[in-house]
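So the chains spell out like this:
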Amino acid sequence: MRCSLCGHDSPPGSLFCLNCGSQLAAPPGMGPTPGMGGGMPAVCPTCRAENPPGMKFCRQCGTVLGASSPGIPPQPVMGAGGPFGAPPGGGGPPPGMGGGFGQPPGMGGPPPGMGGGFAPPGPMGPPPGMGGMGPGPMGPPPGMGAPPPGMGSPPPGFGGPPPGMGPAAGATNCPRCGSSTPPGFAFCQQCGMKITPAAGPAPGVDAYGGTIAATGPEAQNIRAAAMSAPAPAQAPALGNAPTPAAQPTWGQAVSVNRDGSDGERFPLGAEYVMFGRAGADVAFDQDRFLARQHARLERTGDGARIVPLDQVNGVFRKLDAPVELTDGMIVLLGREVLRYEKVDADEKSGEPLVRHGVALFGSPPREPWGRFLQLLPSGGVRDVRFLFDEEVVLGREEGDIVFSDDAFMSRRHAQVAWDGQRAMLQDLGSSNGSFVRLVGTTPVKHGDHLRMGDQLFRIELRR
């Protein structure tokens, strides 16, 4: 019986090749041997990979190819007649076959010269010097307790790549049968033994995809190793493998570039997101105006809220409507950082100084209702601008208070209106906007702009 796969000769009547374990062609008069499938490719029930006819194990995941594969008849159940059942048309084995595959009528044991194999114990038992099951399904020849030298491995020229072809790059030789296995396969294509690739998984091959169908302790070990090791490049999912679901987000923080275009987008998925330098969820290591934990954006039932954590530079929110100025409030117009202060009653009008009965002559007195202090990076104050009129305009070219050297300020940037009780700050459609510094936890709505350090973010919330 010559194996059509490896070319090795097996004893007459053999069903499997003694060299590679492949099923041999059925003897004359017998139908297709179970598992042969009539020459049709076998489809693995686990990973749905196609395997050549006669394969016992899936070359992709190592699953035993059984009755669930299309084109393969159901394998008989192990019974009293032996592991493969009786051939069609007879209750015993064909002529020349031992009792390993079913006991002929009237015989209590195997004929002389045949190994014990799978035969059940009988009155005669195995011949002297013969052990139990030997290598291969038929057992060893008479007088041999172990296979002769060279039987445990394929003869030279068999089990490897075809003549004239070298081994494939990254291929692994099976330690049991010596067959060359292409890269990326976790099981030998000839005997089904699990092997370890010599050079690691091939590029683009999922090292865990072929063995994830395992069960029991082996599957737990595989999954534990996959969780602790860096994830390899994922191959396309096979069969009905589940796809991990993306973490839902409730919004995103969009970084706004200096030219007004959108920059990097940061998803908001946790209950709160930390902004700052190294270690924060949204980090800018090179921004020296940011604290390590500068601010925290929290999710609420109806939107979000910002919690300033840094007390040095704080968090500024862009105006989209007029806001009331309170005593000590800090505003950002262009690059000017101004602190608003109310003027006390004793400062509004002072009596003229009289020396030696002579009143001091000076500028006509005005009654200011407030003032802006220009804050410096050193912590000091450079200029103090008093507010007298009912409407005070600040800008780069026009207005009551002009900052002609500030290129980030618009020509008419913002306006402060006084009604005798309150001062209201309003942006006049400037290019860069007007900002006020937040003094505590503040609600944030969709589309709000927040400035932290030297970064500007637009908050977009899911509706």
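Provided above is the structure to which this section pertains.
Residues numbered from 1 in each chain as written. Predicted model: local features only at pLDDT ≥ 70, side-chain atom pairs only at ≥ 80, totals over all residues. Heavy atoms only, no water.

Asks: I'd like a rundown of the overall build of the chain, residues and numbers included.
Replies: Tallying secondary structure elements over the chain gives two helices and 26 strands in all. Across the 463 residues in the chain, those meeting the buried criterion constitute 36%. Sequence separation of at least 24 residues holds for 40% of the intrachain contacts in the chain that already meet a minimum separation of 6. For the chain, the accessible surface area stands at approximately 26,500 Å², while carbon and sulfur atoms represent 55% of it. (Helix = DSSP H or I, 4+ residues; strand = E, 2+ residues; numbered from the N terminus. Buried < 20%, exposed > 50% of the residue type's maximum accessible area, 1.4 Å probe, protein only. Contact = heavy atoms within 4.5 Å. Areas by Shrake-Rupley, 256 points an atom, 1.4 Å probe, with all protein chains shown as cover.)

Asks: An account of the packing of aromatic side chains is needed here, citing residue identities and associated values.
Replies: Within this structure, the stated rule accounts for seven aromatic pairs. When the centroid spacing of 5.8 Å and the interplanar angle of 55° are considered together, the rings of Phe 284 and Phe 457 count as tilted. One end of the pair, Phe 284, is in the loop between strand E8 (282-283) and strand E9 (295-300); the other, Phe 457, is in strand E26 (residues 455-461), and 173 residues separate them in sequence. Owing to a relative accessible area of 2%, Phe 457 belongs among the buried residues under this scheme. Among the aromatic residues, those joined into a ring-pair cluster are Phe 266, Phe 275, Phe 284 and Phe 457. When the ring centre of Tyr 272 is taken as reference, the NZ or CZ atom of Arg 296 above it lies at 5.9 Å. (Phe/Tyr/Trp six-rings, centres within 6.5 Å; stacked < 30°, edge-to-face > 60°. Lys NZ or Arg CZ within 6 Å of the ring centre and 35° of its normal.)

Asks: Any details on a negative patch on the surface? Residues and values, ideally.
Replies: Judged by side-chain charge, Asp 389, Glu 390, Glu 391, Asp 400 and Asp 419 come together as a negatively charged surface patch. Counting through the fold element by element, Asp 419 comes out in the loop between strand E21 (414-418) and strand E22 (423-427). (Patch = residues over 30% accessible without salt bridge, like charges linked within 9 Å, V, L, I, M, F, W, Y side chains within 5 Å. Salt bridge = Lys/Arg side-chain N within 4 Å of Asp/Glu carboxyl O. Lys, Arg positive; Asp, Glu negative; His and termini not counted. Charge placed at Lys NZ, Arg CZ, Asp CG, Glu CD.)

Asks: Which residues make up the pattern of salt bridges, and what values go with them?
Replies: Throughout the structure, instances matching the rule amount to 17 salt bridges. Taking the shortest distance from any N to any O, the salt bridge between Asp 454 and Arg 258 comes out at 2.7 Å. Here Arg 258 lies in the loop between strand E5 (251-256) and strand E6 (262-268) and Asp 454 lies in the loop between strand E25 (449-452) and E26, a separation of 196 residues in the sequence. With a relative accessible area of 28%, Asp 454 lands in the partly exposed category. Overall, the relative accessible area of 65% leaves Arg 258 in the exposed class. Asp 262 serves as the salt-bridge partner of Arg 265, at 3.4 Å between the closest nitrogen and oxygen. For Asp 262, a relative accessible area of 37% puts it in the partly exposed group. What emerges from the salt-bridge pattern is a single network uniting Asp 262, Arg 265, Arg 458 and Glu 460.

Asks: How would you sum up the pairing of E25? Please name residues and give values.
Replies: What you see with E25 is a clean split: Leu 450 and Met 452 sit on the buried side and His 449 and Arg 451 on the side with no burial. Of the pairings in the sheet, the one linking strand E11 (residues 315-318) to E25 comprises three bridges and is antiparallel in character. Residue pairing in the sheet places Phe 316 in a bridge with Arg 451 of E25. Alignment of E25 against E26, held across four bridges, turns out to be antiparallel. Within the sheet, the bridge partner assigned to His 449 lies in E26 and is Arg 458. The antiparallel hairpin formed by E25 and E26 contains two residues in its connecting segment, where Gly 453 sits at a positive phi of about 60°. (Pairing = 2+ DSSP bridges.)

Asks: Kindly report on the sheet that holds E5, identifying the contributing residues and their values.
Replies: The sheet built from 10 strands is open, its strands ordered E6-E5-E26-E25-E11-E23-E13-E14-E17-E18 with antiparallel pairing. Pairing within the sheet leaves two strands with one partner each, and these edge strands are E6 and strand E18 (381-387). Across this sheet, the average inter-strand angle for adjacent strands is 30°, counted without regard to direction. Across three bridges, the pairing between strand E13 (residues 330-333) and strand E23 (residues 434-437) is antiparallel. Across the sheet, residue Leu 332 finds its bridge partner in E23, namely Phe 435. (Axes fitted to C-alpha atoms, helices over the stretch in contact; angles between N-to-C directions.)

Asks: Could you give an account of empty space enclosed by the protein, naming the residues involved and the relevant values?
Replies: The final tally for this structure, using the stated rule, is two cavities of 30 Å³ or more. In this model, the second largest cavity occupies a volume close to 30 Å³. Around the second largest cavity, the lining residues are Leu 338, Phe 372, Gln 374, Asp 383, Arg 385 and Phe 403. Listed by contribution, the elements that provide at least two residues to the lining of the second largest cavity are strand E17 (370-375) and E18. (1 Å grid on protein atoms, 1.4 Å probe; cavity = no way out; pocket = protein on both sides within 12 Å on 5 of 7 lines; lining within 4 Å. Points joined across faces, edges and corners; volume = space filled by probe spheres on them.)

Asks: Please give an account of unusual backbone geometry that cites residues and values.
Replies: Positive phi, normally seen in glycine, also occurs at His 356, with a value near 55°. Inspection of the secondary structure assignment puts His 356 in the loop between strand E15 (354-355) and strand E16 (358-359). For His 356, a relative accessible area of 84% puts it in the exposed group.

Asks: Which residues make up the environment of Phe 266, and what values do they have?
Replies: Examined against the element boundaries, Phe 266 turns out to sit in strand E6. Given the relative accessible area of 11%, Phe 266 is considered buried. With 16 residues separating them in the primary sequence, Phe 266 and Val 282 have C-alpha atoms 7.1 Å apart. For Phe 266, the contacting residues outside a window of four places in its chain are Gly 251, Gln 252, Ala 253, Ser 255, Val 282, Phe 284 and Phe 457.

Asks: Tell me about the environment of Lys 348, and please be specific about residues and values.
Replies: By the secondary structure assignment, Lys 348 is in helix H2 (residues 345-348). Between the alpha carbons of Lys 348 and Arg 366 there is a distance of 7.2 Å; along the sequence they are 18 residues apart. Residues in contact with Lys 348, not counting those within four places in the same chain, are Val 343, Arg 366, Glu 367 and Pro 368.

Asks: Report on the side chain of Arg 371, specifying residues and quantitative values.
Replies: By the element assignment, Arg 371 lies in strand E17. Those residues in contact with Arg 371 that lie beyond four places of it in its chain are Arg 339, Tyr 340, Glu 341, Lys 342, Val 343, Glu 347, Val 384, Arg 385, Phe 386 and Leu 387.

Asks: Go over the layout of surface pockets, please, and point to the residues and values.
Replies: To find the voids left in a structure, one rolls a probe of water-molecule size over its atoms. Its boundaries defined by the atoms lining it, the largest pocket holds a volume of some 1,600 Å³. Looking at the largest pocket, it is lined by 41 residues, and the ones nearest its centre are Leu 332, Arg 335, Val 337, Arg 451 and Asp 454. Mapped by element, the contributors of at least two residues to the lining of the largest pocket are E5, E11, E13, strand E14 (336-342), E17, E23, E25 and E26. With three residues, the single largest contributor to the lining of the largest pocket is E25. Across the lining of the largest pocket, the residue classes tally to 15 nonpolar, 15 polar and 11 charged. (Nonpolar A, V, L, I, M, F, W, Y, C, P; charged D, E, K, R; others polar.)

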